[in-house]
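Residues per chain, in single letters:
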Amino acid sequence: VEVRVLTLLRVLLKAEGGAEALAAASGVRALLGTVKARKAKSLTPALDALKLAVGHKVGAVNRAAIDLGAVQQLLEMLEQGAGLSYIDDVTAARVHAIEVIKTLAEDPDKGHQVSVVLESSPTWQSCKGQRHDLFISRGPQVELRIADAPDPQPAAAAAASGVGPEPGSGIARSVL
């Protein structure tokens, strides 16, 4: 899956309905395929999208991820450690992988199955206690906003609000 598609998918997955649509469209399989490929530019965005999808705790999404072997794939990725140094923002990729595993372990239907796998994993024993609440990605954060149409503001009102060109400056200002 291309990085542009992953960026759009991330925006859609911020809503619970997006996670349900992902499950219905076999999107979990596509995300896990991207994770398995471990390409430099797409691994971290794919893991971020997967984290958003399972974070809604939609049963169909989490069951699909577990049934498709997400836990094993993510553990294998974590085992690679320094072997992933070519990945863009590898630290963020590790954090997302750990968060996905933790969320899947909490699944009411299949969480016990995940916990059994995790108990026997030395890699998980070294990762499970890590805190990520203060984690800040070192990579640029791209936020995509989708709008129906631009707001037809007069130039002076736009400049006063910080959106649009500043009168006479020749420099455009925008708020994202």
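Structure's up top.
Below, the structure is looked at part by part. (Residues numbered from 1 in each chain as written. Predicted model: local features only at pLDDT ≥ 70, side-chain atom pairs only at ≥ 80, totals over all residues. Heavy atoms only, no water.)

Along its length, the protein carries 10 helices and two strands. Going from the N terminus to the C terminus, the protein shows its helices and strands as α-α-α-α-α-α-α-α-α-α-β-β. Within the span of the protein, comprising 176 residues, buried residues form 38% of the whole. In the protein, the proportion of contacts linking residues at least 24 apart, taken out of those at least 6 apart, comes to 69%. Surface summary for the protein: the accessible area is close to 10,200 Å², and the carbon and sulfur share equals 57%. (Helix = DSSP H or I, 4+ residues; strand = E, 2+ residues; numbered from the N terminus. Buried < 20%, exposed > 50% of the residue type's maximum accessible area, 1.4 Å probe, protein only. Contact = heavy atoms within 4.5 Å. Areas by Shrake-Rupley, 256 points an atom, 1.4 Å probe, with all protein chains shown as cover.)

Of note in this structure, R38 is not a glycine but carries a positive phi near 50°. Tracing the chain through its elements places R38 in the loop between helix 3 (27-37) and helix 4 (43-55). Among the residues examined, R38 registers a relative accessible area of 13% and is labelled buried. The phi angle at D89 is positive, at roughly 55°, despite the residue not being glycine. Within the secondary structure, D89 sits in the loop between helix 6 (70-80) and helix 7 (90-105). The class of D89 is buried, set by a relative accessible area of 9%.

Viewed as axis vectors pointing N to C, helix 7 and helix 8 (residues 111-119) meet at an angle of 130°, and their least axial separation amounts to 7 Å. Taken together, helix 7 and helix 8 sit at an angle that is classed as oblique. Contacts between helix 7 and helix 8 involve I101, L104 and A105 from the first element and G111, V114, S115 and L118 from the second. (Axes fitted to C-alpha atoms, helices over the stretch in contact; angles between N-to-C directions. Parallel < 35°, antiparallel > 145°, perpendicular 65-115°, else oblique.)

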